[in-house]
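# Coordinate inspection notes
Read off the chains here:
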Amino acid sequence: MSALTRCLQEEAAAIAAAAGRLSNEEVEAALVLLDQCADRRSKLVISGVGKSGIVARKIAATFSSIGVMAIYLNPLDALHGDLGVVANDDVTLLLSNSGETQELLDILPHLKRRGTRRIALVGRVHSSLARGSDVVLDGSVDREVCPLNLAPTASTAVAMAIGDALAAVWMERRGISPQDFALNHPAGALGKQLTLSASDLMVPATRLTALERLTALTEVITTLTSDGVGAGWIRDDNTPDKIAGLITDGDLRRALQQHPPETWGSLTAGDLMTADPITVPSHLLAVEALKQMERNHRKEIGILPVVDAEKRLLGLLRLHDLVQAGLA
């Protein structure tokens, strides 16, 4: 066994031991406070010093990502004005391995005075910080992985794991869905799949030049070139803002192949277009539109018209834009 493997196993063992030490009653009380925090739209304020402060920042980031308004508060800054961010409806999570971190003990009476509920995540359940808190989570370890038993290693791993577990159990209890998660991750792959709609990525109709059925081939080519979208739309004869057909670059090439060159001068948009093309509503998720493009068996689809409830053209959705948005 390598030394690295041994250290990892020791940290894993420390987390497993901590799981066995945690009080079910204290964990439930912490989850109730987190529920109240979410229901009231109040803040989860997480604080710690040194390595515990780094763990506190990560736990705050995790809770923020699942829909809890969580922030990290530097306790030293709190004593010099930043305590103003803490309201009486907020919940604080205070991290300290010793439970005797002076900066946290200094802000404790001020939190009590304003009625802020306090959860202590500590390595000593009978410490001063634990005695001054409403809920105590036991994050103690037998020893650090550090060979000197000094550098915070196993203790920070346990604190991090408890914070992650609290977040995971809270998500489970609240029924947080992938859609909920995506709302806070709009730039991630999942966020894009669950939030971007066809209307977000389409080329709007205001940028497109409408064609008539009788528009000549030369004008069709000019319009497709000038619009630079790779397609042109043909308006309905009776309702000008509705789409009657679509001409893509592919449609144009296929039509020219099918007609002798001597007849090209008489071709019009009506001869070239795909009549009654497949359309998608503006609210359709962009990833679902992508699936329609990929699964169509009639022919390859690279552009989909986006329409409203009355079938009026709102824009054109291009495969290129879906790929560029990271959906493919």
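Everything below is about the structure shown above.
A brief structural summary. (Residues numbered from 1 in each chain as written. Predicted model: local features only at pLDDT ≥ 70, side-chain atom pairs only at ≥ 80, totals over all residues. Heavy atoms only, no water.)

Looking only at helices and strands, the protein has 15 helices and 13 strands in total. Taken against the 2.2 N^0.38 rule, which gives 20 Å for 328 residues, the C-alpha radius of gyration of the protein at 31 Å runs more than 25% over that of a compact globule. When the backbone C-alpha atoms are referred to their principal axes, the protein occupies close to 95 × 55 × 35 Å. Expressed as a percentage of its 328 residues, the buried residues of the protein come to 43%. Partitioning the intrachain contacts of the protein with sequence separation of at least 6 by distance along the chain shows that 65% fall at a separation of at least 24. Per element, the accessible surface of the protein, about 16,600 Å² overall, is 54% carbon and sulfur. Averaging the coordinates of the 32 positive side-chain charges in the protein and doing the same for the 39 negative ones gives two points 4 Å apart. (Helix = DSSP H or I, 4+ residues; strand = E, 2+ residues; numbered from the N terminus. Rg over C-alpha atoms; globule rule 2.2 N^0.38 Å. Buried < 20%, exposed > 50% of the residue type's maximum accessible area, 1.4 Å probe, protein only. Contact = heavy atoms within 4.5 Å. Areas by Shrake-Rupley, 256 points an atom, 1.4 Å probe, with all protein chains shown as cover. Lys, Arg positive; Asp, Glu negative; His and termini not counted. Charge placed at Lys NZ, Arg CZ, Asp CG, Glu CD.)

The backbone of Asn 149 sits at a positive phi, close to 60°, despite the residue not being glycine. With respect to the helices and strands, Asn 149 occurs in the loop between strand 5 (135–138) and helix 7 (154–174). The class for Asn 149 is partly exposed, based on a relative accessible area of 34%. Backbone geometry places Lys 311, a non-glycine residue, at a positive phi of 65°. Position of Lys 311 relative to the elements: it lies in the loop between strand 12 (303–307) and strand 13 (313–318).

The N-to-C vectors of helix 2 (residues 24–39) and helix 7 enclose an angle of 60°; their axes lie 11 Å apart at closest approach. Note that helix 2 runs across helix 7; the crossing there is right-handed. For the pair helix 2 and helix 7, contact is made by Glu 28, Ala 30, Leu 31, Leu 34, Asp 35, Ala 38 and Asp 39 and by Leu 166, Val 169, Trp 170, Arg 173 and Arg 174, respectively. Its residues assigned to classes, the contact of helix 2 with helix 7 comprises seven nonpolar, no polar and five charged. (Axes fitted to C-alpha atoms, helices over the stretch in contact; angles between N-to-C directions. Left-handed = near helix turned anticlockwise from the far one by under 90°. Nonpolar A, V, L, I, M, F, W, Y, C, P; charged D, E, K, R; others polar.)

The end-to-end C-alpha distance of helix 7, which contains 21 residues, comes to 30 Å, matching closely the 30 Å that a straight helix rising 1.5 Å per residue would cover. Taken together, the buried positions of helix 7 are Ala 154, Ser 155, Thr 156, Ala 157, Val 158, Ala 159, Ile 162, Gly 163, Leu 166, Ala 167 and Trp 170. Turning to helix 7, the residues buried within the fold contact helix 1 (3–21), helix 2, helix 3 (51–65), strand 3 (91–96), strand 4 (117–122) and strand 5. The first or second residue beyond helix 7 is Gly 175, which carries a positive phi of 65°. (Expected span 1.5 Å × (residues − 1).)

A few words now on the side chain of Ser 52. Relative to the assigned elements, Ser 52 resides in helix 3. Contacts of Ser 52, omitting those with residues within four sequence positions, involve Leu 95, Ser 96 and Asn 97.

Below, the discussion takes up helix 11 (residues 217–227). The set of residues buried in helix 11 consists of Leu 217, Val 220, Thr 223, Leu 224 and Asp 227. With its buried residues spanning 120° around the axis, helix 11 presents them on a single face. Facing away from the buried side of helix 11, by more than 90 degrees, are the exposed residues Thr 218, Thr 222, Thr 225 and Ser 226. Contacts made by the buried residues of helix 11 are with strand 7 (210–211), strand 8 (231–235), strand 9 (243–248), helix 12 (249–258) and helix 13 (269–272). A positive phi of about 65° marks Gly 228, the residue just after helix 11. (Arc of directions from axis to C-beta.)

Counting buried residues in strand 8 gives four out of five residues, a clear majority hidden from the surface. Judged from the two bridges that link them, strand 7 and strand 8 form a sheet pairing that is parallel. Following the sheet pairing, Ala 210 is matched in strand 8 by Trp 233. Here strand 8 runs beside strand 9; their pairing, made up of five bridges, is antiparallel. Paired with Arg 235 across the bridge in strand 9 is Ile 243. (Pairing = 2+ DSSP bridges.)

Let us look at the pattern of salt bridges. Between side chains of opposite charge, pairing is possible as soon as their charged atoms come close. Throughout the structure, instances matching the rule amount to 17 salt bridges. When the shortest N-O distance is used, the salt bridge between Arg 174 and Asp 39 registers 2.9 Å. Here the residue Arg 174 occupies a position in helix 7, and Asp 39 occupies one in helix 2, the gap between them amounting to 135 residues. Connected through salt bridges with shared partners, the residues Glu 28, Asp 35, Asp 39, Arg 173 and Arg 174 form a single ionic network. (Salt bridge = Lys/Arg side-chain N within 4 Å of Asp/Glu carboxyl O.)

Right, let's talk about the environment of Leu 31 for a bit. Turning to its location among the elements, Leu 31 is positioned in helix 2. Leu 31 gets classed as buried once you look at its relative accessible area, which sits at 3%. Residues Leu 31 and Ala 154 lie 123 residues apart in sequence; the distance between their C-alpha atoms is 24 Å. Excluding anything up to four places from it in sequence, Leu 31 contacts Leu 166, Val 169, Trp 170 and Arg 173.

Counting 34 residues, the largest nonpolar core has Leu 44, Ile 46, Phe 63, Leu 93, Leu 95, Ile 119 and Leu 137 as its most contacted members. Looking at this core, the elements that each hand over two or more residues are helix 1, helix 2, strand 1 (44–48), helix 3, strand 3, strand 4, strand 5 and helix 7. For this core, the element with the highest residue contribution is helix 7, accounting for seven residues. Excluding anything up to four places from it in sequence, Leu 137 contacts Leu 22, Glu 26, Val 27, Ala 30, Ile 119, Ala 120, Leu 121, Val 122, Ile 162 and Leu 166. (Core = buried A, V, L, I, M, F, W, Y, C linked by side-chain atoms within 4.5 Å.)

What is shown is where atoms sit, not what they do.
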